[in-house]
Amino acid sequence: MRLIDDYARGDTGIPADTLWALESHLETCAPCRARLAASVTTEAPAVAALVDTVRAGLQPHLDAAVRAPSRRYRPRWLPAWTTPVVAPWLAMTVTVTLLALLLAAVGAPAVLGTASPALLLAPVLPLCAVAAAWSRTLDPAHELTASTPRAGLPLMLRRTIAVLAVVLPALLVEGRLTGTTTAAQWLLPSLAFTSTALALGSVIGVTRAATGLVAAWAVVVAAPAWGTDEIPVVLAPDRLPLWGTLLVLGTGTVIARRHAYSAL
């Protein structure tokens, strides 16, 4: 009771560890909270009067407030793997994949030697959602998330895996349905681009890195290939070892600079 009275008066002489222990106890002990309420009335009448004044002003609004509808169940593990801001980007990525599927079905010849829209888009499609998975601008809770112990590379990799788990199956189904692309033509470049975006992200930020890679691919590779309707040289089967090398280099850079992501 003496400690509660000192706490009610706002005594600054309470040791920090004792103060922390008291506040933690008050969170779970209703009888002690009742003692604290009574102590505030006797030991700090000015605080009690202020609380009563605020309560009297808020009570009419609280009585008229409409109870918020209960939220639907959401798995507790979901925030550790993704963020709500990624959902629109994932939906956009899947939509673009479906549009590429439609274009490939109605317009692109299903023979080797021609580039389908799906093949031109597949290597960089995951980057759109990856950029949003760790974006300071798009995520309103970015600062809160970045201050958690699990922030940095572990959380970034979780969100990247969540993005790939949605995008890659959609691309695989698209290739199966149209027959215009094989998994080997786009899967390795897609993974290489993702690892490169994460590697460059340790220096300039993942969002900037992913945006820059998408723009470079569109200008240097996709646009010229779209005009000539030929498979880009960089996606030819004999270029797969180069994509594998880029994937290994990107992964190695991410591991070597794993501590830089916490600072970002």
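Residues numbered from 1 in each chain as written. Predicted model: local features only at pLDDT ≥ 70, side-chain atom pairs only at ≥ 80, totals over all residues. Heavy atoms only, no water.

### Quick look at the overall build of the protein
When helices and strands are tallied, the protein shows 14 helices and zero strands. For the protein, the succession of helices and strands along the chain, N to C, is α-α-α-α-α-α-α-α-α-α-α-α-α-α. Counting only residues that meet the buried cut, the protein has 36% of its 264 residues in that class. For the protein, the proportion of contacts with a sequence separation of at least 24, taken over those separated by at least 6, is 72%. Accessible surface for the protein amounts to roughly 15900 Å². Of this, 68% is attributable to carbon and sulfur atoms. (Helix = DSSP H or I, 4+ residues; strand = E, 2+ residues; numbered from the N terminus. Buried < 20%, exposed > 50% of the residue type's maximum accessible area, 1.4 Å probe, protein only. Contact = heavy atoms within 4.5 Å. Areas by Shrake-Rupley, 256 points an atom, 1.4 Å probe, with all protein chains shown as cover.)

### Considering the packing of helix H2 (residues 16-28) against helix H3 (residues 30-43)
Put simply, H2 and H3 touch, their axes get as near as 6 Å, and they point 110 degrees apart. For the element pair H2 / H3, the angle class is roughly perpendicular. The handedness of the crossing between H2 and H3 comes out as left-handed. Contacts between H2 and H3 involve His25, Leu26, Glu27 and Thr28 on the former and, on the latter, Ala30, Cys32, Arg33 and Leu36. (Axes fitted to C-alpha atoms, helices over the stretch in contact; angles between N-to-C directions. Parallel < 35°, antiparallel > 145°, perpendicular 65-115°, else oblique. Left-handed = near helix turned anticlockwise from the far one by under 90°.)

### Some remarks on the confidence of the model for the protein
Of all residues in the protein, 66% attain a pLDDT of 70 or more, and the chain-wide mean is 75. In the predicted structure, residues 108-113 sits below a pLDDT of 50 and forms twelve contacts with residues beyond four places in sequence or in another chain. (pLDDT = per-residue confidence, 0-100.)

### Thoughts on the nonpolar core
Among the nonpolar cores identified, the biggest contains 18 residues, and Leu127, Phe193, Trp217 and Trp243 are the most heavily contacted of them. Of the residues forming this core, the biggest block, five residues, is contributed by helix H12 (residues 206-228). Ignoring sequence-local partners within four residues, the contact set of Phe193 consists of Pro123, Val124, Leu127, Leu213, Trp217 and Trp243. Grouped together as the second largest cluster of nonpolar side chains are twelve residues, Leu125, Val163, Ala199 and Val206 included. (Core = buried A, V, L, I, M, F, W, Y, C linked by side-chain atoms within 4.5 Å.)

### Focus: the packing of helix H1 (residues 2-9) against H2
Viewed as axis vectors pointing N to C, H1 and H2 meet at an angle of 100 degrees, and their least axial separation amounts to 12 Å. Comparing their axes, H2 and H1 come out roughly perpendicular. For the pair H1 and H2, the contacting residues are Leu3, Ile4 and Tyr7 in the first and Thr18, Leu19, Leu22, Glu23 and Leu26 in the second.

### Some remarks on the side chain of Ser202
With respect to the helices and strands, the residue Ser202 is situated in helix H11 (residues 183-204). Of note is the side chain of Ser202, whose polar atom sits 2.8 Å from the side chain of Arg257. (Polar contact = N/O pair within 3.5 Å; in protein donor to acceptor, adjacent residues only side chain to side chain.)

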